[in-house]
Amino acid sequence: MDKHEGPDAGTIRLSDPWYDALAVGWGEGEEASPPRPDPGGPPAPGASDIYLEVQRSAAFQEVRSRYRRFVVPATAGFLLWYVAYVVAATAAPGLMARPVVGAVNVALVAGLGQFLTTFLLTWAYARHARLRRDRAALDLRWTVFEQERDQERNRSVRGAGR
């Protein structure tokens, strides 16, 4: 989105693929009605058809598999680490109370390790998303946007031809 000077400085360009037309006016009492097909003609493909087509595409499946290949092991590893900490704190209080340096004990080091791994996991997720998924997801978003725009053009051409 470009920054503009002047009276329309805060407006969003409608050609922006991240602009969510369905969310505009949301909660303001306006009812959005879905497009109706031409009577007597073939039914016009709806937005759901476009999204189903994209969902079935190889590019979408690749983005989803990249997401799952990172999230499933990362979540399992983190939950295992968390459960190990809780079990050790409950089952081995003597081990957890063992001093490491001065008044710092194993439980404190492991607890701080929980915070550290949370931040590291967040950083790794953001990096993975940026390097392996964001570009492909944006390409898919542009594809959907172009298909919706073409669909809208076809509707307006059919409507003008009446």
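Structural data are supplied above this passage.
Residues numbered from 1 in each chain as written. Predicted model: local features only at pLDDT ≥ 70, side-chain atom pairs only at ≥ 80, totals over all residues. Heavy atoms only, no water.

### Structural notes on the overall build of the protein chain
And then number 1: Each helix and strand in the protein chain was counted, giving 4 helices and 2 strands.
And then number 2: Start at the N end of the protein chain and walk to the C end: the helices and strands fall as α-α-α-β-β-α.
And then number 3: Among the 162 residues that make up the protein chain, the fraction classed as buried is 15%.
And then number 4: Accessible surface computed for the protein chain: about 12600 Å², of which carbon and sulfur atoms make up 62%. (Helix = DSSP H or I, 4+ residues; strand = E, 2+ residues; numbered from the N terminus. Buried < 20%, exposed > 50% of the residue type's maximum accessible area, 1.4 Å probe, protein only. Areas by Shrake-Rupley, 256 points an atom, 1.4 Å probe, with all protein chains shown as cover.)

### Description of the pattern of salt bridges
And then number 1: Counting across every chain of the model gives 3 salt bridges.
And then number 2: Among the salt bridges present, the one from E62 reaches R66, with a minimum N-O distance of 3.0 Å. Placement of the pair is E62 and R66 together in helix α2 (residues 58–91), with a separation of 4 residues, close to one helical turn.
And then number 3: Where D150 meets R153, a salt bridge forms, and the shortest distance between an N and an O atom there is 3.7 Å. A residue pair is termed a helical-turn pair when its members lie 3 or 4 positions apart in one helix, as D150 and R153 do in helix α4 (residues 106–160) at 3 residues. (Salt bridge = Lys/Arg side-chain N within 4 Å of Asp/Glu carboxyl O.)

### Considering the nonpolar core
And then number 1: I50, V54, V63, L140 and V144 together form the largest nonpolar core, which totals 5 residues.
And then number 2: Counting residues per element, the ones that place at least two in this core are α1 (47–56) and α4.
And then number 3: Leaving out residues up to four positions away in the same chain, V54 has contacts with F60, L140, V144 and Q147. (Core = buried A, V, L, I, M, F, W, Y, C linked by side-chain atoms within 4.5 Å. Contact = heavy atoms within 4.5 Å.)

### Examining the packing of α1 against α2
And then number 1: Relative to each other, α1 and α2 sit at 65°, their axes nearing to 5 Å. On α2, the residues touching V54, Q55 and R56 of α1 are A58, F60 and Q61. (Axes fitted to C-alpha atoms, helices over the stretch in contact; angles between N-to-C directions.)

### Describing the packing of aromatic side chains
And then number 1: Taken as a whole, this structure holds 2 aromatic pairs when the rule is applied.
And then number 2: Summarising the aromatic geometry, the rings of F70 and Y125 are spaced 5.9 Å apart at their centres and angled 50° between planes, so their arrangement reads as tilted. Taken as a pair, F70 in helix α2 and Y125 in helix α4 lie far apart in primary sequence, 55 residues in all.
And then number 3: For F70, a relative accessible area of 18% corresponds to the buried category.
And then number 4: When the ring of W142 is compared with that of F145, the centres are 5.6 Å apart and the planes differ by 85°; the resulting orientation is edge-to-face. Of the two residues, W142 and F145 are both situated in helix α4; the distance of 3 residues between them amounts to about one turn of the helix.
And then number 5: A relative accessible area of 34% means that W142 is categorised as partly exposed. (Phe/Tyr/Trp six-rings, centres within 6.5 Å; stacked < 30°, edge-to-face > 60°.)

### Remarks on the side chain of Q114
And then number 1: Looking at where Q114 falls in the secondary structure, it is placed in helix α4.
And then number 2: Residue Q114 is classed as buried on the basis of its relative accessible area, which comes to 9%.
And then number 3: Only 3.5 Å separates the side chain of Q114 from the backbone oxygen of W81, close enough to count as a polar contact.
And then number 4: Discounting chain neighbours no more than four positions away, the residues touching Q114 are F78, W81, Y82 and Y85. (Polar contact = N/O pair within 3.5 Å; in protein donor to acceptor, adjacent residues only side chain to side chain.)

### What about the environment of F60?
And then number 1: Assignment of secondary structure puts F60 in helix α2.
And then number 2: The class of F60 is partly exposed, set by a relative accessible area of 23%.
And then number 3: Spatially, the C-alpha atoms of F60 and A137 are 7.6 Å apart, while their sequence positions differ by 77 residues.
And then number 4: When neighbours within four sequence positions are excluded, F60 is seen to be in contact with V54, Q55 and L140.

### Digging into the side chain of R133
And then number 1: Locating R133 in the fold gives a position in helix α4.
And then number 2: For the buried residue R133, which engages in no salt bridge, the nearest side chain bearing the opposite charge is D134, 5.5 Å off.
And then number 3: A polar contact of 3.0 Å, which involves the side chain of R133, links it to the side chain of Y125. (Lys, Arg positive; Asp, Glu negative; His and termini not counted.)

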